[in-house]
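Structure at a glance
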Amino acid sequence: MIDELKNFIYKYYIYPAEYATGYNIIQEITYGTILALALYLFYKALRKLNVNIDEKFAIPGIVFSVLIALIRALVDCGYIERSFLTITPGIVFLIGGFFILTILITRIIFKDNYYKISAIIGLIPLLYFIFIFLQHLKHFEVILYIIILVGFFYYLIKYLDKILNLNIFQSKIDSYVIIGQLIDASATTIGIGLYGYWEQHPIPRFLMEHFGVYAFIPFKLLVVLVILYILNKEVDDINIRNIIKLCIMALGLAPGLRDLFRMAMGV
């Protein structure tokens, strides 16, 4: 029984991480469950401290998401040593855990200014790693491609939202979600379509194999817009609604920026 458990763990968790074979359904379910539990406990702690999950709260969340992405990309280029704590999901547990502690501690000490201090704490290592990234920059055009795609689809959605009166853009957080997911979808499309990368996650991989890589952006956008529409319409508690939205944002922003940084460094 113990040997079977060890083999199961190695097959579905350790081997894919060691040899970068991509994610499997077992991993997706496991990490999704852990994320949901961590999000629930974090939410409970935030409410005990009377933290409103709003646009201010989103600022350090964005900073730490970019930090995760940049560190992960620098692992791929060889600047940072590869280990469980520097690749997904280890780096998410590490930096995400640090983010949670930072938010809670700064809220207790600095009260309403917690989000400024939290953002500064994340910004210090981020600026250092940006400097390293710029030293390894080889393909600036990748950044331009993704900016163009994100800008085009974002303003197209805003236009359609206005003329169709869908009321999806109720706050800046809705924009953060759409931009974060657009960065992910655009980086995936550019990476696979132009630079020969491959998709690690099984469900997007299945969709692209059957409908083509360039269908991925509208596919993902449709899913995100439907989720935002349902959240805005059905979830009355604004704090619950916003923490779910910010989680969706981070799940797009971090892997999307990691892919962008990798391609820009020619990794």
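Look up a bit, the structure's there.
Below, the structure is looked at part by part. (Residues numbered from 1 in each chain as written. Predicted model: local features only at pLDDT ≥ 70, side-chain atom pairs only at ≥ 80, totals over all residues. Heavy atoms only, no water.)

**Some words on the overall build of the protein**
Threshold: In this description a helix means any DSSP run of H or I spanning at least four residues, a strand means any run of E spanning at least two, and both kinds are numbered starting from the N terminus. Type-normalised accessible area, obtained with a 1.4 Å probe on protein chains alone, sets the label of each residue: buried when under 20%, exposed when over 50%, and partly exposed for intermediate values. Two residues form a contact once any of their heavy atoms are found within 4.5 Å.
Of regular secondary structure, the protein possesses 10 helices and zero strands. Going through the 267 residues of the protein one by one, you find that 44% of them count as buried. Taking the intrachain contacts of the protein between residues at least 6 apart in sequence as the baseline, contacts between residues at least 24 apart amount to 73%.

**Points about the nonpolar core**
The tendency in soluble globular proteins is for nonpolar side chains to be buried as a group. Short version of the rule: Buried Ala, Val, Leu, Ile, Met, Phe, Trp, Tyr and Cys residues form a nonpolar core when they are joined through side-chain atoms within 4.5 Å.
Ranked by internal contacts, the top residues of the largest apolar core, which has 67 residues, are Leu-46, Phe-57, Ile-178 and Phe-261. For this core, the secondary-structure elements that each account for two or more residues are helix H2 (25-48), helix H3 (55-76), helix H4 (90-110), helix H5 (114-136), helix H6 (140-163), helix H7 (172-195), helix H9 (216-234) and helix H10 (238-265). Counting residues per element, this core draws most heavily on H3, at 13 residues. With residues up to four places along the chain from it excluded, the contact list for Phe-57 reads Phe-42, Leu-46, Val-51, Asn-52, Phe-99, Ile-103, Tyr-114 and Leu-246.

**Comments concerning the packing of H2 against H10**
For clarity, the cut-off: With axes taken as lines fitted to C-alpha atoms, and helix axes fitted only over the stretch in contact, angles between N-to-C directions fall between 0 and 180 degrees. By the definition adopted for this analysis, an angle is roughly parallel if under 35 degrees, roughly antiparallel if over 145, roughly perpendicular if from 65 to 115, and oblique otherwise. Crossings are assigned a handedness: left-handed for a near helix turned anticlockwise from the far helix by less than a right angle, right-handed for a clockwise turn.
Following both chains from N to C, one finds H2 and H10 inclined at 135 degrees, their axes separated by 11 Å at the closest point. With respect to H10, the axis of H2 lies oblique. As for the relative orientation of H2 and H10, their crossing is right-handed in sense. Residues Leu-35, Leu-39, Phe-42, Tyr-43, Leu-46 and Arg-47 of H2 pack against Asn-239, Ile-240, Ile-243, Cys-247 and Leu-251 of H10.

**A short note on the packing of aromatic side chains**
What counts is decided by this rule: To pair, rings of Phe, Tyr and Trp, with the six-membered ring standing in for Trp, must have centres within 6.5 Å; the planes then decide the type, stacked if under 30 degrees apart, edge-to-face if over 60, and tilted in the middle. We count a charge as sitting over a ring when the NZ of a lysine or the CZ of an arginine lies within 6 Å of the ring centre and within 35 degrees of the ring normal.
This structure, assessed with the given rule, holds 11 aromatic pairs. Where Phe-42 meets Phe-99, the ring centres are 6.0 Å apart and the plane angle is 70 degrees; that geometry is what we call edge-to-face. Here Phe-42 is found in helix H2, whereas its partner Phe-99 is found in helix H4, with 57 residues between them in sequence. Comparing Phe-42 with Phe-99 shows no difference in burial state: the two are buried. Here the aromatic cluster, defined as three or more aromatic residues joined through ring pairs, consists of Phe-42, Phe-57, Phe-64, Phe-98 and Phe-99. Just above the ring of Phe-169 sits the side chain of Lys-158; from NZ or CZ to the centre is 5.4 Å.

**Quick word on the environment of Ile-117**
Residue placement: Ile-117 occurs in helix H5. Assessed through its relative accessible area of 25%, Ile-117 is described here as partly exposed. A C-alpha to C-alpha distance of 8.7 Å links Ile-117 and Ile-103, two positions 14 residues apart in sequence. Among residues more than four places away in sequence, those in contact with Ile-117 are Thr-106 and Phe-110.

**Points about unusual backbone geometry**
A positive phi is found at Asn-165, a non-glycine position, where the angle reads about 55 degrees. Counting through the fold element by element, Asn-165 comes out in the loop between H6 and H7. In this model, Asn-167 sits at a positive phi of 60 degrees, which is unusual for a non-glycine residue. Here Asn-167 is to be found in the loop between H6 and H7. Exposure remark for Asn-167: the relative accessible area of 46% places this residue in the partly exposed category.

**Structural notes on the pattern of salt bridges**
Here is the rule we go by: Salt bridges are defined as contacts in which a side-chain nitrogen from Lys or Arg sits within 4 Å of a carboxyl oxygen from Asp or Glu.
Taken as a whole and judged by the stated rule, the model has six salt bridges. Put simply, Arg-262 and Asp-76 hold a salt bridge, and the shortest N to O gap is 3.1 Å. In this pair, Arg-262 sits in helix H10 while Asp-76 sits in helix H3, placing the two residues 186 residues apart along the sequence. The salt bridge involving Lys-245 is made with Asp-174; its shortest N-O contact spans 2.7 Å. With Lys-245 in helix H10 and Asp-174 in helix H7, this residue pair connects regions lying 71 residues apart in the sequence. Accessibility assignment for this pair places Lys-245 and Asp-174 in one class, buried. In the salt-bridge network here, residues are joined through shared partners; they are Arg-72, Asp-76, Arg-258 and Arg-262.

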